[in-house]
Structures are given as structure tokens and as C-alpha cells.
Amino acid sequence: MVMKARYQETIYLILCIISAITIRFVFAPYHLQICVIPALVTLFFVVGKSKYPFICGFIYGCTKAIAISVWLLNTLTSHYGLSWLIAVFFYSIAIVIPYGIWTGIFCKCIQSPITLLCKSKNISRIIALSLLTASIFTTLEWVRINISPENSWGFFPAAFSNIPELMELAAYIGGIGLHFIVVFLCSILICAVQNINNQIIIFKTSAIAILTVFASFITGGMLLSHLNNAEDADGQKIEIALIHPVISQKQRWNSAFDQQILATYRQMSLQAFDDNHSDNIRLIIWPETAITAGIQDSPLTKAVISEITKKTGAWLLTGSPAFIGKGQGRKIYNSAFLYSPDGEIKGRYDKNFLLPFAERKYALFSLGGYQQSQLYESGKYPTPISLIDKGKKISLATMICYEIGIPQLSHDIISQQSNLIVNISNDAWFGNSSESEQQLDMLILRSAEYGLPAIRSTGYGVAALIDNAHVITKSDIDNKSIIKGTINLQPYQPTLWAQLPNWPIIFTAGIVFIYLLMRIFRIDPSYLVCTEE
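Residues numbered from 1 in each chain as written. Predicted model: local features only at pLDDT ≥ 70, side-chain atom pairs only at ≥ 80, totals over all residues. Heavy atoms only, no water.

**Student:** How should helix α11 (residues 299-312) be read in this particular structure?
**Tutor:** Every α-helical turn comprises 3.6 residues, leaving residues that sit three or four positions apart pointing alike. In this model, α11 (14 residues) spans 20 Å end to end at C-alpha, consistent with the 20 Å of a helix rising 1.5 Å per residue. Where α11 is buried, its residues meet α10 (258-271), β2 (281-285), β3 (315-324) and β4 (331-339). Glycine 313 sits one or two positions beyond α11 and adopts a positive phi of about 70°. (Helix = DSSP H or I, 4+ residues; strand = E, 2+ residues; numbered from the N terminus. Expected span 1.5 Å × (residues − 1). Contact = heavy atoms within 4.5 Å.)

**Student:** What is the right way to look at the pattern of salt bridges in this model?
**Tutor:** Any two side chains of opposite charge can pair, on the condition that their charged atoms come close. On inspection of all chains with the given rule, the structure shows eight salt bridges. Linking arginine 266 and glutamate 307 is a salt bridge whose minimum nitrogen-to-oxygen distance equals 2.7 Å. Of the two residues, arginine 266 sits in helix α10 while glutamate 307 sits in helix α11, which places them 41 residues apart along the sequence. Because the salt bridges share partners, they merge into one network encompassing Arg266, Glu307 and Lys311. (Salt bridge = Lys/Arg side-chain N within 4 Å of Asp/Glu carboxyl O.)

**Student:** Just checking my understanding: could you explain the environment of isoleucine 472 for this structure?
**Tutor:** Of note, isoleucine 472 is situated in strand β11 (residues 470-474). Of the residues examined, isoleucine 472 reaches a relative accessible area of 39% and is grouped as partly exposed. Separated by 273 residues in the primary sequence, isoleucine 472 and glutamine 199 have C-alpha atoms spaced 46 Å apart. Not counting chain neighbours up to four residues away, the residues in contact with isoleucine 472 comprise Leu465, Ile466, Asp467, Thr486 and Ile487. (Buried < 20%, exposed > 50% of the residue type's maximum accessible area, 1.4 Å probe, protein only.)

**Student:** What am I meant to see in the packing of aromatic side chains here?
**Tutor:** Aromatic ring pairs are defined here through the distance separating the ring centres and the angle between the ring planes. Following the criterion strictly, the structure yields 11 aromatic pairs and no others. Centre to centre, the rings of phenylalanine 44 and phenylalanine 137 are 6.1 Å apart; their planes meet at 65°, and the pair counts as edge-to-face. Of this pair, phenylalanine 44 sits in helix α2 (residues 36-49) while phenylalanine 137 sits in helix α6 (residues 123-147), and the two are 93 residues apart along the sequence. For phenylalanine 44, a relative accessible area of 0% gives the class buried. Note on phenylalanine 137: relative accessible area 8%, which makes it buried. Pairwise contacts between aromatic rings join Trp71, Trp153, Phe353, Tyr402 and Phe430 into one cluster. A cation sits over an aromatic face here: arginine 348 above tyrosine 333, 5.7 Å from the ring centre. (Phe/Tyr/Trp six-rings, centres within 6.5 Å; stacked < 30°, edge-to-face > 60°. Lys NZ or Arg CZ within 6 Å of the ring centre and 35° of its normal.)

**Student:** What should I look at first to understand the nonpolar core in this one?
**Tutor:** Side chains that are nonpolar tend, in soluble globular proteins, to be buried together. Grouped together as the largest cluster of nonpolar side chains are 137 residues, with contacts concentrated most on Val26, Leu40, Phe156, Phe160, Ile240 and Ile285. Of all the elements, helix α7 (residues 164-194) adds the most residues to this core, at 16 residues. Ignoring anything within four residues of it in the chain, the contact list for leucine 40 reads Ser19, Ile23, Tyr60, Phe137, Phe156, Val182, Val183 and Cys186. Grouped together as the second largest cluster of nonpolar side chains are 25 residues, Tyr265, Ile305, Tyr333 and Tyr339 included. (Core = buried A, V, L, I, M, F, W, Y, C linked by side-chain atoms within 4.5 Å.)

**Student:** Sorry, what's going on with the packing of α2 against α7 here?
**Tutor:** If you want to describe how two helices pack, look at the angle between their axes and the distance between the axes. The N-to-C vectors of α2 and α7 enclose an angle of 60°; their axes lie 9 Å apart at closest approach. Between α2 and α7, the crossing angle belongs to the class labelled oblique. Classified by chirality, the crossing of α7 by α2 is right-handed. Of the residues in α7, those touching α2 at Val36, Ile37, Leu40, Val41, Phe44, Phe45 and Lys49 are Val182, Val183, Leu185, Cys186, Ser187, Leu189, Ile190, Val193 and Gln194. Here the contact of α2 with α7 is built from residues that sort into 13 nonpolar, two polar and one charged. (Axes fitted to C-alpha atoms, helices over the stretch in contact; angles between N-to-C directions. Parallel < 35°, antiparallel > 145°, perpendicular 65-115°, else oblique. Left-handed = near helix turned anticlockwise from the far one by under 90°. Nonpolar A, V, L, I, M, F, W, Y, C, P; charged D, E, K, R; others polar.)

**Student:** Would you take a moment to explain the side chain of serine 306 for this structure?
**Tutor:** Among the secondary structure elements, serine 306 is positioned in helix α11. Judged by its relative accessible area of 15%, serine 306 is buried. Residues in contact with serine 306, not counting those within four places in the same chain, are Asp342 and Gly343.

**Student:** Hey, could you run me through helix α13 (residues 435-450) in this one?
**Tutor:** The end-to-end C-alpha distance of α13, which contains 16 residues, comes to 23 Å, matching closely the 22 Å that a straight helix rising 1.5 Å per residue would cover. Here α13 lies mainly inside the structure; 16 of its 16 residues are buried. With its phi angle positive at about 65°, glycine 451 sits one or two positions after the end of α13.

**Student:** Just checking my understanding: could you explain the pairing of strand β8 (residues 420-425) for this structure?
**Tutor:** The two faces of a sheet get side chains in turn, since along a regular strand they alternate between them. β8 sits mainly inside the fold: six of its six residues count as buried. Along β8, one buried face is formed by Leu420, Val422 and Ile424 and the opposite face, lined by Ile421, Asn423 and Ser425, is buried too. Pairing between strand β7 (residues 392-400) and β8: five bridges, direction parallel. Note that in β8 the partner of alanine 397 across the bridge is isoleucine 421. As a crossover connection, the stretch from β7 through helix α12 (residues 407-414) into β8 is right-handed. Looking at chain direction, β8 and strand β9 (residues 454-458) are connected through five bridges and run parallel. Considered in β9, the bridge of isoleucine 424 is made with serine 457. The parallel pair β8 and β9 is bridged by α13, and the resulting crossover is right-handed. (Pairing = 2+ DSSP bridges. Right-handed = clockwise from strand over helix to strand, strands pointing away.)

**Student:** Looking at this model, I keep getting lost on the state of the cysteines. Mind explaining?
**Tutor:** Covalent bonding between the sulfur atoms of two cysteines defines a disulfide. Scanning the entire structure with this criterion turns up zero disulfides. Cysteine cysteine 35 remains unbridged, with the sulfur of cysteine 186 as its closest cysteine sulfur at 12 Å. For cysteine 118, which is in no disulfide, the shortest distance to another cysteine sulfur is to cysteine 191 and amounts to 6.9 Å. Take cysteine 118: its relative accessible area is 13%, and that puts it in the buried class. (Disulfide = S-S within 2.5 Å.)

Put into C-alpha cells, the structure is as follows:
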């Protein structure tokens, strides 16, 4: 019996690994969203059967973390110069193990409702237990994406970025609402799997699952159709040029290449205006730390930007460190600067969320180049950068790099009457990996949640123009290019999600709270189990 139990638990651990590998295909660059169903159903099956749900969840989480973000190892070895042994140790301690512990907690918390769900034969009670399972899982996932270091990384609703019906639904229920629907669907299906010989249960649970899918897509499709047919007389269009120079990380942070890089940006920015229709371009965007020397301290950079803006008559947004003060009191911010058509600085945004272990004061590693002796300070005021072009005010919700994956920070900036989301990033750290496309998915989800067009500008990685949560055009990761397109701007009209952010969590947390009260007062939830219809 002991050997049989050990054999079963080993099989369960193997299934957890298979489940985690399967869910990897949901994310970029594969976007095989259907894989989320077998992945979660398999995980729920294991949780309902195993005596050690925490260990199973831990193995699942560690495997998923590795599968999704293995590119980080190359970053640690190639750009930070760590040995593979130290890189693996740090990667495990900082990313893999914490994510494993978190998913272990998930699985431990849902074991009771999953176990009851697998035993239940009454369809109303199956629905109730599925709602409970989805509520626990979704509430804990909401906590994770708001407080954990990786935030929205591994948040599978972002991988639905190429499904317009679901993205339109996100404007009302957010990504967390999509998460709830998917987990509810998988909870219903695990009951069908456990009752494979009961045709009545299979029929009823399959019918509920199909209705859930159809209701989600039909509702999203109707909302999308309404959006496409809506016209706003106060709307405007703005043509934008993204400069995508494909500059390697070693060149970017080497001062010997400063003038060469600046010349590349100048040449490509002016080249964007070469064709007959280019006079309509109103905004040129350079990526994060496009100018590493610091704009305020470089007369040559100021002169080049002034030349570009005056020749083209366009605004220019660029990333650059901001050096404030001198001597020991000097502070450095990872910033975005907005230049007017007359070459003057009209706005600046300082990055608020600094990357742990890299940009913060207690960083274990140096970013290199100009940050060897001092790392970045965190920005204090997450506010948009505004400009007035041809009498129209445009408010740029500017976020730098991974800030787009921070739900609360995104809301704080976007909700300040923004009508265009701008994400500038430097993805050269991650080479030709899937990191850049995964981050693009997060931006598309934000665009959907707030009903705003979005822009992603990178010096190396995927740059893109997004309208109605749909990618109009984008670059290859390593192909030098100028991305041009027209964005439809509307006056700020907050979506339901923007007005009531995280409202689905009130619903899910309420269900969890009732369940906890039942446990505290020792109300046996087994009454939810019925052996016959």
C-alpha cells in the first residue's frame, strides 16, 4: 500500500509538470489559448487526488516560472556577467521558488472545494462549488499580481490579447474577470472528468461549460460591434512614428557609441518624413534610455533633438536618465522627456516602479555604463505627460518598461484623464526571447481594460501601435525599422473597469469570506455533496 501511494504521488507530480509545460503554450509567442483548459483541469485533478496539494502546487509553479521566464537566465549571464551556477541560484531564489510557494498556497486553498466538487452529483451544487473554486483562485491571483515582484508575469488572461471579443469584455470585467471565467469553466470540466461514467453529469457539466464559453464570446462580440459602430464627433486622429533602431545592450551602455547612436536616431527620425504622407506625423517616439548620457548634460543631444523637432514640426518623446543635482546630492531618475516642435522640454515622467535587484538602491548588480556608481531613484508622482497639438489636448499615460505590468500604478496614471497609453522599454536585456512579446500582451490587456489606444516603443524588441486593443502594426524583435501608423484618439471616457477597478474581486472575495466563516464556525461544507440527483 505504501509503495502504491508513493507511486500515485509520483504520477501526480509528473502531471503537475506536464500541466505547467502545457500552460506555457498559452503565452507568447505561441498564443495557443485552448491549452489553458487541459492545463488547469489537469492541475485541479491532481489537487483533488493528492495528499500533498502544496507540494504539487509548488512543483507546478516552479515549472511554470521556468517555462515562461527562462530567458532571464541568459540576461543574468550575458549582461550581468554572472556564472551559470550563481545565475541559476539567484534565479531560483528570486523568481522560481517564490512563485512555486505562491502556487502551492493556491492549491492548498482550493483542495477542499475541488475535493467536494469531484464528489458532487447535484448540478446546482457543482455550480456553487465551481464558483467557490474560481473565487478562491482568482482572489489569490489578484493578490499575487498586486504584491509579488513579478506582478502580472504569468497572468494568463494577458495571453488572450489576440482574441478581440475577450479583450472587449475586459473593458467591463478586467483581466481578473477573464481569469474568473476561465477558472470557473475548468472547475466545471473537472467534475465531468471525475464522473466520466456518469453520462448525465457529463452532459450537464459540458452544457454549462459550452454556455459559459458562448456567453463570453457573444457578449464580447456584441460589445465589440457596438464599439466599432460608435462615432464620436470630438475624436481626432494622430499619426505616430516609432523609431526602432535595434541597438545592442553592450553598445547602448558604452559611452564610446553615444554619438553613433544619436546619429542613428537622428537619421531614422528624419527618414520617417521622407514619403509624401509623412507631413501628418505629429509625434516621434524613441524608447527607454535611448539617450544614456542624460539629455540635460549633453549639448549635442539637445541640438540634435531641436533640429529634428524644428525640421519636422513634430513632438518628440524619448527615454533618458534625468540627472538632478550635483555631487553627493545628485539623483538619477529613469525618465521620459517630451519635446515640443520648437525643441523645448514640455514634460517629464520619472519611472516609479524600479526593478528589484537591478534599478533600486539595494540592487545586487549594476546596470553598467552611467549607473556604475549610482542607481536610479524612484519617481514620486505617477502623472501623465500632456501636450496640446493643433488645439487638441493629448494626455500621454507614459509608463517605462515593466510598469505596464503593475495594475495599480497603471490605473493611477491612466485614470488621470489620459487618452493614449505609451510604454517605452529597453528589451535588449532579453535578446530575441519571448519576453518582449509577453510584455506587449500586458500592454494590450491594459489598452482593453481602459478602452484606450496604446503605443509600445523599444530600442530592441517588439514595438507596436495598438488601437481598440488590436495591433495595427508592429516590428520584429531584431529588425531595424520605422513603425508608422494612425491612432484614433477620443476624449477620456472611462470604461466600467476604469470607474470601478477590481470590482469582480468584491464578488469573489465575498464568496471566499462566506466560505471562511463556514470553516471558522465549523459548518461542514459536505452538505454540498449529494450522491444522487
